[in-house]
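Per-entry structural report
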Amino acid sequence: ITNAQLAEYRDARLNSVAPQTVKHEINLVRRVLKLAIDEWGLILPNGVPHVRSPRLPRGRSRRLQEGEEAQLSGLLPPIVKKIFCLAIETAMRRSELLAMHIDHVDWDRRLLHVPVTKNGVSRVIPLSNRALVILKGLSADAHLFSVAPDTVTHAFGRACRLAEIKDLRFHDLRHEAISRLFEQGRSVPEVASISGHSDYRMLARYTHLQP
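Quick look at the structure, then.

Conventions used here
Residues numbered from 1 in each chain as written. Predicted model: local features only at pLDDT ≥ 70, side-chain atom pairs only at ≥ 80, totals over all residues. Heavy atoms only, no water. Core = buried A, V, L, I, M, F, W, Y, C linked by side-chain atoms within 4.5 Å. Buried < 20%, exposed > 50% of the residue type's maximum accessible area, 1.4 Å probe, protein only. Helix = DSSP H or I, 4+ residues; strand = E, 2+ residues; numbered from the N terminus. Contact = heavy atoms within 4.5 Å. Pairing = 2+ DSSP bridges. 1 Å grid on protein atoms, 1.4 Å probe; cavity = no way out; pocket = protein on both sides within 12 Å on 5 of 7 lines; lining within 4 Å. Points joined across faces, edges and corners; volume = space filled by probe spheres on them. Nonpolar A, V, L, I, M, F, W, Y, C, P; charged D, E, K, R; others polar. Lys, Arg positive; Asp, Glu negative; His and termini not counted. Salt bridge = Lys/Arg side-chain N within 4 Å of Asp/Glu carboxyl O. Polar contact = N/O pair within 3.5 Å; in protein donor to acceptor, adjacent residues only side chain to side chain. Axes fitted to C-alpha atoms, helices over the stretch in contact; angles between N-to-C directions. Parallel < 35°, antiparallel > 145°, perpendicular 65-115°, else oblique. Patch = residues over 30% accessible without salt bridge, like charges linked within 9 Å, V, L, I, M, F, W, Y side chains within 5 Å. Areas by Shrake-Rupley, 256 points an atom, 1.4 Å probe, with all protein chains shown as cover. Arc of directions from axis to C-beta.

1. What about the nonpolar core?
- Of all hydrophobic cores here, the largest spans 46 residues; its most connected members are Leu72, Met100 and Phe145.
- Counting residues per element, the ones that place at least two in this core are helix 4 (78-90), helix 5 (94-98), strand 2 (111-114), helix 6 (129-136), helix 7 (149-162), helix 8 (172-183) and helix 9 (188-195).
- Sorting elements by how many residues they give to this core places helix 4 first, with 7 residues.
- Beyond its immediate sequence surroundings of up to four residues, Met100 is in contact with Leu86, Met92, Leu112, Leu135, Ala142, His143, Leu144 and Phe145.
- Leu6, Ala7, Val22 and Val51 belong to the second-largest nonpolar core, a separate cluster that totals 5 residues.

What follows is the structure in structure tokens.
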């Protein structure tokens, strides 16, 4: 595997997936080859191939503007409204919110255990008063939300259209929540432990503080 072959793979993949995905895949190939050389006795005459990483686009900076949270709350179906509010209170991803189980909540210590995450590393989130009220108001079913991911996305998009709110996605609520945590005075390690970011540079891409 040569530099040219890896570069050709990079350029071909950029036609079908995002630059961040291509960057992860290139790094994975390099890690596997390095492991094979270091521990399995593989011999590569030119060593581990190296290519430039794809240029990543600027992260989105959309946050909720004044009045938008109240507008959306009034237009969302009740169950999606609860998911919407929890997303802002916890900085959790949509998939993590929908996977919540009643056994994940430590009511006494006001903590939520998130065992299944995007990066495969579980984490524990402190629950605000508002988050606790929402969770206590849910049914006692084992899975707190029996809602399909597309249902949440479609309901959120419809509410945005009705409110004439432009360029806002459900995932932007994670940006909003992380930015609010910093505005509350929390440190970088504290916010990273809540959001689940192991790379502080990626955390910075999610942070857009109001002046």
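2. A closer look at the sheet that holds strand 1 (residues 105-106)
- In space, the 3 strands of this open sheet follow the order 1-2-3, with antiparallel pairing throughout. Two strands in the sheet have a free side with no partner beyond their single neighbour: strand 1 and strand 3 (123-126).
- Where strand 1 meets strand 2, 2 bridges bridge the pair, whose relative direction is antiparallel. Residue pairing across strands places Asp106 opposite Leu111, the latter belonging to strand 2.

3. Topic: the layout of surface pockets
- In this model, the second largest pocket occupies a volume close to 190 Å³.
- Every residue lining the second largest pocket is counted, 13 residues in all, and those nearest its centre are Glu89, Ser128, Leu181, Gln184 and Arg186.
- Of all the secondary-structure elements, those providing two or more residues to the lining of the second largest pocket are helix 4, strand 3 and helix 8.
- The residue inventory of the lining of the second largest pocket, partitioned by class, reads 7 nonpolar, 3 polar and 3 charged.

4. Things to note about the pairing of strand 3
- Burial of strand 3 is one-sided: the residues Arg123 and Ile125 facing one way are buried, the residues Val124 and Pro126 facing the other way are not.
- Where strand 2 and strand 3 come together, 4 bridges link them in antiparallel fashion. In the sheet register, Val114 faces strand 3, and the bridge partner there is Arg123.

5. Re unusual backbone geometry
- In this structure, Ala91 is a non-glycine residue whose phi angle is positive, near 65°.
- When you line up the elements, Ala91 lands in the loop between helix 4 and helix 5.
- Despite not being glycine, Arg110 shows a phi value in the positive range, around 60°.
- For Arg110, the position within the fold is in the loop between strand 1 and strand 2.

6. Notes on the side chain of Arg174
- Here Arg174 shows up in helix 8.
- Of the side chains with opposite charge, Glu96 comes closest to the buried, unpaired Arg174, at an N-O distance of 4.9 Å.
- From its side chain, Arg174 meets the backbone oxygen of Ser195 in a polar contact 3.0 Å long.

7. Structural notes on the packing of helix 3 (residues 68-75) against helix 4
- Two elements in contact, helix 3 and helix 4, have axes separated by 9 Å at closest approach and are oriented at 150°. Between helix 3 and helix 4, the angle is such that the two are roughly antiparallel. In this structure, helix 3 uses Glu69, Leu72 and Ser73 to contact helix 4, whose residues at the interface are Lys81, Phe84 and Ile88.
- Tallied by class, residues from the contact of helix 3 with helix 4 come to 3 nonpolar, 1 polar and 2 charged.

8. Some words on a nonpolar patch on the surface
- On the surface, Leu28, Val32, Leu35 and Trp40 cluster together into a nonpolar patch covering about 390 Å² of accessible area.
- Here Leu35 is to be found in helix 2 (residues 19-40).

9. Here we look at helix 6
- Those residues of helix 6 that fall on the buried side of the exposure criterion are Ala131, Leu132, Ile134 and Leu135. Buried residues of helix 6, viewed axially, fall in a sector of 165°; they line one side. Exposed residues lying more than 90 degrees from the buried face of helix 6 are Asn129, Val133 and Lys136.

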